[in-house]
Every structure is written in C-alpha cells, then in structure tokens.
Amino acid sequence: MTEAILLVGGKGTRLRPLTVHTPKPMVPAAGVPFLTHQLARARAAGVDHIVLATSYLAEVFEPYFGDGSALGLHIEYVTEEEPLGTGGAIRNVAARLHSGPDDPVLIFNGDILTGLDIRALVDTHESTGADVSLHLTKVTDPRAYGLVPTDGTGRVLAFLEKPQTPEEIVTDQINAGAYVFRRSLIDTIPAGRPVSVERETFPGLLAAGAHLQGMVDSTYWLDLGTPAAFVRGSADLVLGRAPSPALPGRCGDRLVLPTATVAPGAKLTGGTVVGEGAFVAEGARIFGSTILPGAVIEPGAVITDSLIGTRARVGERSVLTGTVIGDGAVVGADNELREGVRVWCDAHIPSGAVRFSSDQ
C-alpha cells in the first residue's frame, strides 16, 4: 500500500474559537499541527503518496507542508468548492490516485487521534478479500456514535445510527474513522454532490452485497472534535499515551518548544505544552494545558485542562479550568473561568470581571 486520502475539509465548528483562523487539522497538538502526527504515522506504515481533501481555509495547508518531502511523502491537495461530505470528498480526489483497480487505498479523517495499527488494517483487508475494511473501536457508552455490529469473522452486518434506547445498543463497536477501500469502489461514489460515507456509501454497499470487513483495534482512540478532547489529546501525546513519530521532543510531563520562555519558578505538569515564543511567568502553575505560540501567562496564574490561543494573555492570579481562550484575547488579572467557557478571539476581559468566588 502506498496511497492514502486524508479528509481535512471540515469547518471544526465544535472547536471554535480555535478554528476561527485555523482549520482544525492545523491547530497545534503537542507542539505541531495535529495533521503532522497523522502524516507521520501514515509514513511510518509505508504510505508515500497522500492526497489531502481540503475545503475550509484550504489555503493554509500547502504553504506549511509543501510537497511533503520533509516528511518523506508526496502530498497533493484537492480543494472542494462546496463541502461534499466524507464520501463526496473521497470521490472528488479520486483522479489524483495512482493505484490499480484492486489496490488498497487508505482513508482517514483529519480529527481522530489513534494508535491504530495501520499495517494490520491493510493486512486484514487483503487477507479477507474485502471491498472495504473499517477500523472499529470499542467504547463504554456508544450512544453518541454509529454502531457497527459484525459476525464471528469480523464481517460487517449493519450500520446503525446513534441508538436511542437500551434495546438498540446491540454492540459496543463503533466506526473509528479509518478505512481501506478497494480502489475501484471509490469510482462508484456519486460525483459532484454531497455524500456521507457513513450514512449512504457504506449502507449502500452492504445492501448491494459488498464485503465490508471490520477490524477492532482499541489501543488508543480519541475524537478531537471538542476543545476538552483536543486538549486531552495533546497532553496524551506529550505523556506518551498516544503514539506519534512527529513529537518535537521527548515524551514527558511537559513539552516546551525551543523559543518559549518559562520562568524557573513556574510549574508545568500533566502533559502541558508551551508553544514557540510563548512566555510563562514566575509562580504560574499549568496542568494538562496547551499554550499556543506567542501567548503570555502572567505571574501566579493557574491554568488547568485549558487551551490558550496564539498571542493571548492570561493576567496575574487568574484561575482557568477547562476553558478555551481565543487568539489574541486578553483575560485580565484576578478572573476565574470555569469548565466550558470560550473567550472569543481578540476579546478583552477586564481585571476581576468574572468570578465564582469572593474577591476577598
């Protein structure tokens, strides 16, 4: 296998304001754009040609990755004029593939952090003679996902939308967002219109008698669609819980990029990342958080499980837990921001303006 399609066209609306200026796959995770981790893992599995299916802020990708040679890849870019969905995006880039009709083509979503054994998925696809093979993972609460029951040999039996009742939960296996297609099947996806591979292509293939094979791999899997998940994924990469050949430093409790400045009395733990040119002042305490390039954390600030945007500033003694601060935003001194708060890009919160406790 030498080819892959990476679906990176989504708007990342659940991640806003992180994605106001940056497409979701380009938001830094563990010091580099998240997409870098996916590309590096594909390369390590033997892929050398990747087509990026882009749409939202498409102009950002090529200036960063170029032709892919720095990663040992040949990367091409195809931009959708109108969003085409997962299936439509796959069909839209088909002309850039070089594979023969029966060759395997790897396809994966641009927002999944996974420890999937890519080579094993391809081997399963080839050994079973499947038309499409899917990476499946097991989750404790499958209600938010599409279920994929299989028989004793791993052959897919059905695709079930998000279950609403306990009786509908017939398996804990879900579609994990990585596939191997027989090349010829990609050309059967309708061209020029939105198509959902999950809701239309796969059920249609199953109804037509195609062989869809599931491979369960539950080593590590995380959908980075929400700010909390994205922050956790970045921390897990730094801590070594999620594998990546692209980590720009050793695994450990913290990752400080070369041009960042961290005062000797600051404390960084839990997989915290401090990006290029960022500054963390004396007495600041940061746990499991991502500080993006150029951000400033002032003395005594306490930041937990949060993401601080590019060039943002967190004032003295402010306490942030489970929050997202957009690019260029300023949180003044002595504020308290709790779980779920999103401060938009370039917003300014005055000192002591938001609190959950007394100011005394």
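Residues numbered from 1 in each chain as written. Predicted model: local features only at pLDDT ≥ 70, side-chain atom pairs only at ≥ 80, totals over all residues. Heavy atoms only, no water.

### Regarding the packing of aromatic side chains
Aromatic ring pairs are defined here through the distance separating the ring centres and the angle between the ring planes. Definition in use: Only centres within 6.5 Å qualify two rings of Phe, Tyr or Trp (six-membered ring in Trp) as a pair; their planes then separate them into stacked at under 30 degrees, edge-to-face at over 60, and tilted for everything else. The secondary structure listing takes helices from DSSP runs of H or I that are at least 4 residues long and strands from runs of E that are at least 2 residues long, numbered from the N terminus. Between buried and exposed lies partly exposed: a residue is buried under 20% and exposed over 50% of the maximum accessible area for its type, with that area taken using a 1.4 Å probe on protein chains only.
Summed over the entire model, instances satisfying the criterion amount to six aromatic pairs. Measuring from centroid to centroid gives 5.8 Å for Tyr145 and Trp221, while their planes differ by 70°, and the two rings are edge-to-face. Taken together, the positions of Tyr145 in the loop between strand E8 (132-138) and strand E9 (173-182) and Trp221 in strand E11 (residues 221-223) put the pair 76 residues apart, joining distant regions of the chain. Classification of Trp221 as buried rests on a relative accessible area of 17%.

### Points about the sheet that holds strand E24 (residues 324-325)
Note the following rule: In this description, strands pair whenever DSSP reports at least two bridges between them. We call two residues in contact whenever any of their non-hydrogen atoms come within 4.5 Å of each other. Angles run from 0 to 180 degrees between N-to-C directions of axes, and those axes are lines fitted to C-alpha atoms, restricted for helices to the stretch in contact.
The sheet built from six strands is open, its strands ordered E12-E15-E18-E21-E24-E27 with parallel pairing. What marks the edges here is a single partner per strand, and that holds for strand E12 (254-256) and strand E27 (342-343). Sheet topology note: the strand E15 (residues 272-274)/strand E18 (residues 290-291) ladder contains two bridges and is parallel. Counted as the bridge partner of Val273 is Thr290 from E18. Across the face of the sheet, helix H7 (residues 227-239) comes into contact with E12, E15, E18, strand E21 (307-308), E24 and E27 while running at roughly 90° to E15.

### Some thoughts on the sheet that holds E9
Spatially, seven strands are ordered E5-E4-E1-E6-E9-E8-E10 in an open sheet, and the strand pairing comes out mixed. With partners counted over all chains shown, the strands left at the sheet margins are strand E5 (74-79) and strand E10 (212-216), one partner each. Neighbour-to-neighbour, the strand axes of this sheet turn through a mean angle of 25°, independent of strand direction. Strand direction decides the pairing type here: strand E6 (residues 104-109) and E9, joined by five bridges, are antiparallel. Opposite Pro104, over in E9, you have Arg182 as the bridge partner.

### Section: the UniProt feature "domain: Nucleotidyl transferase" (unreviewed entry) in the protein chain
Where we set the bar: UniProt positions are given in the numbering used here, feature names are shortened, and annotations may be inferred rather than shown by experiment.
When the UniProt feature table is mapped to this numbering, "domain: Nucleotidyl transferase" (unreviewed entry) covers residues 4-236. The span residues 4-236 is 26% helical and 23% strand by assignment, and the distance between its end C-alpha atoms comes to 25 Å.

### Some thoughts on the pattern of salt bridges
The line we're drawing: Any carboxyl oxygen of Asp or Glu within 4 Å of a side-chain nitrogen of Lys or Arg constitutes a salt bridge here.
Per the stated rule, a full pass over the model turns up 14 salt bridges. Between Asp236 and Arg241 there is a salt bridge, with its nearest N and O atoms 3.3 Å apart. Its relative accessible area of 7% is what places Asp236 among the buried residues. Judged by relative accessible area, which is 57%, Arg241 ranks as exposed. The salt bridge involving Arg317 is made with Asp334; its shortest N-O contact spans 2.7 Å. In this pair, Arg317 sits in the loop between strand E22 (313-314) and strand E23 (319-321) while Asp334 sits in the loop between strand E25 (330-331) and strand E26 (336-337), placing the two residues 17 residues apart along the sequence.

### Quick look at the UniProt feature "domain: Mannose-1-phosphate guanyltransferase C-terminal" (unreviewed entry) in the protein chain
The UniProt record annotates "domain: Mannose-1-phosphate guanyltransferase C-terminal" (unreviewed entry) at residues 252-339. Helix makes up 0% of residues 252-339 and strand 41%, whereas the separation of the span's terminal C-alpha atoms amounts to 25 Å.

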